Amino acid sequence: MKEIFPALLLSSCRADVIDEQYFGFVFLYKNFSRIFTLGDDNGAKFYLRSLSKPVQASVMADFNLQRELDLTDEEIAVCCASHSGTKRHCDLVLSILKKAGLDESYLKCPSAEPLDMRDFDGTKRPLYHNCSAKHALMLALCVKNGWDLTDYLEINHPLQKIIKEKHLVMSGAEDIEISLDGCGAPVFALCADNIARMFFNLFNDRKYRFLRNAMVENPYIAGGKDRPDSEIMELGQGNLVSKVGAGGFVLVYNIKEDMILIVKMSQNNNLPRRIVTLNALLKLGWIKSNPAPSEYFNDCGKKVGDYICNFSFL
């Protein structure tokens, strides 16, 4: 196990007293080359978690599934998403399953409450899980190829072998670490340089460009209300592709500049990740405004402190 040394990225301060501090890594890439680093990752691997979803979704193109099932752009976008579980998202998942001749009962992701509770009916369901669209696509690929539907999450299942190989080939990595994600699917660990190479290859390959376009053109479907991916893509005005992963991950691809920003927080805390990422995007000039909070308040609504980003790209 390689030792890593994350950098201080964000502090919350009450007057002259540091209240909390948040650590992690910031990586910036141009044309496959790392041009900026905060923190010493020492070449260590990180589990991608939901960052893998666009790569997992790219397998549909290898079997021409998007055309055979006549998937809409919204259905393609939700396959790449950590979605919020609203009725709009769930209807898309059910539509993908129906096109494959299946229903929700085939989903092996755990029952969950939706991330957005506005359409919640009070009963936990696999459909509400933020990974259910990924699972629906996996099942559709199994139907297409005549593979077993009951064990599609096993690492030795033909589908998971293909997904693993996809990560290796597109990243250029010689080996890969494997564990289980929260939804039960295999999850892979790669070093930051291989992660960046994988997404450069994915988003620049004409064969898979429809995935990138579907996400950018449907930012709400690719996340949801108050979801970071949706927020970043909306702020990017068609030029940014964003994907988050649990464990403090976010990757943003700048289409015009052909650059990738990766933020990997040490803490699994969504607010610091949002503040750090949006501040980084503003400092890079990739967004024109930054809606992330710079102040924080107590329960009475009185300001008690400030968030201070402890980094720059100079």
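Per chain, residues are indexed from 1 in the order of the written sequence. In keeping with the predicted nature of the model, local features appear solely for residues at pLDDT of at least 70, side-chain atom pairs appear and are counted solely at 80 or more, and the whole-chain, interface and lining totals rest on all residues. The side-chain values count all of the structure's non-hydrogen atoms but skip hydrogen atoms and water molecules.

Caption draft 1: Quick look at the nonpolar core. Side-chain atoms within 4.5 Å link the members of a nonpolar core, which is a set of buried Ala, Val, Leu, Ile, Met, Phe, Trp, Tyr and Cys residues. The classification of residues rests on relative accessible area computed with a 1.4 Å probe and restricted to protein chains. Under 20% of the type maximum is buried, over 50% is exposed, and intermediate values are partly exposed. Counting residues in hydrophobic clusters, the biggest one holds 76 residues, and the most contacted among them are Met60, Ile195, Phe199, Leu211 and Ile262. Two residues form a contact once any of their heavy atoms are found within 4.5 Å. Excluding residues that lie within four positions of it along the chain, isoleucine 195 makes contacts with Phe46, Leu48, Leu51, Leu190, Phe249, Leu251 and Ile262. Counting 30 residues, the second-largest nonpolar core is a separate cluster that includes Leu9, Ile275, Leu281 and Ile287.

Caption draft 2: Molecular detail of the sheet that holds strand E4 (residues 45–47). Note on pairing: DSSP must find at least two bridges between two strands before they are called paired. The helix and strand labels rest on DSSP assignments: H or I over at least four residues marks a helix, E over at least two residues marks a strand, and numbering proceeds from the N terminus. Strand order in the open sheet formed by three strands is E4-E6-E5, with antiparallel pairing between adjacent strands. Edge positions in the open sheet fall to E4 and strand E5 (177–180), since each of these has one partner strand only. Averaged over all neighbouring strand pairs, the angle between strand axes comes to 30 degrees, with direction disregarded. One ladder, built from four bridges, connects E5 with strand E6 (residues 186–191); its direction is antiparallel. Only C-alpha atoms enter the line fits that serve as axes; for helices the fit covers just the stretch in contact. Angles between N-to-C directions range over 0 to 180 degrees.

Caption draft 3: The arrangement of the pattern of salt bridges in detail. A pair is scored as a salt bridge if a Lys or Arg side-chain nitrogen falls within 4 Å of a carboxyl oxygen belonging to Asp or Glu. Enumeration over the complete set of coordinates arrives at 20 salt bridges. The salt bridge involving arginine 125 is made with aspartate 121; its shortest N-O contact spans 3.8 Å. Owing to a relative accessible area of 47%, aspartate 121 belongs among the partly exposed residues under this scheme. Residues joined by salt bridges that share partners form a network here, namely Arg34, Asp41 and Asp193.

Caption draft 4: Geometry of the state of the cysteines. Throughout, a disulfide means two cysteine sulfur atoms within 2.5 Å of one another. Across all of its chains, the model carries zero disulfides by this definition. The thiol sulfur of cysteine 109 is not disulfide-bonded, and the nearest other cysteine sulfur, from cysteine 183, lies at 6.9 Å. Between cysteine 142, a free cysteine, and cysteine 79, which holds the nearest cysteine sulfur, the sulfur-to-sulfur gap is 13 Å.

Caption draft 5: Structural detail: helix H5 (residues 87–99). In a helix, the anticipated span is given by 1.5 Å times the number of residues less one. With 13 residues, H5 should cover 18 Å at 1.5 Å per step; its first-to-last C-alpha distance of 18 Å lies within 8% of that length. Those residues of H5 that fall on the buried side of the exposure criterion are His89, Cys90, Leu92, Val93, Ile96 and Leu97. The arc that holds the buried residues of H5, viewed along the axis, is 155 degrees, so those residues lie on one side. Exposed side of H5, more than 90 degrees from the buried face: Lys87 and Lys98 are the residues found there. Of the surrounding secondary structure, the elements contacted by the buried residues of H5 are helix H4 (73–79) and helix H6 (132–145). By definition, the arc is the one covered by directions from the helix axis to the C-beta atoms.

Caption draft 6: Region of interest: helix H8 (residues 192–204). Between the first and last C-alpha of H8 there are 18 Å, a value that for 13 residues agrees with the 18 Å anticipated at 1.5 Å per step. Within the sequence span of H8, burial applies to Ala192, Asn194, Ile195, Ala196, Met198, Phe199, Phe200, Leu202 and Phe203.

Caption draft 7: Local environment of the pairing of strand E8 (residues 249–254). When you tally the buried positions in E8, you get six out of six residues, the bulk of the element. Alternating residues of E8 divide into Phe249, Leu251 and Tyr253 and Val250, Val252 and Asn254, and every residue in both groups is buried. Here strand E7 (residues 240–245) hands over to E8 after three residues, with glycine 247 in that stretch at a positive phi of 90 degrees. With antiparallel pairing between neighbouring strands as the criterion, E8 and strand E9 (residues 259–265) make up a hairpin whose turn holds four residues, including aspartate 258 at a positive phi of roughly 55 degrees.

Caption draft 8: Seen up close, the environment of aspartate 258. Within the element layout of this structure, aspartate 258 appears in the loop between E8 and E9. C-alpha of aspartate 258 to C-alpha of asparagine 31: the two residues are 227 residues apart in sequence and 6.6 Å apart in space. Non-local contacts of aspartate 258, meaning those with residues more than four positions away in its chain, are made with Tyr29, Lys30, Asn31, Phe200, Asn204 and Tyr253. Polar contacts involving the side chain of aspartate 258 include one to the side chain of tyrosine 253, which spans 2.7 Å. Each polar contact in these results corresponds to two N or O atoms within 3.5 Å; when the atoms are within protein, one needs to be able to donate a hydrogen and the other to accept it, and residues that are neighboring in sequence are counted only if both atoms are side-chain atoms.

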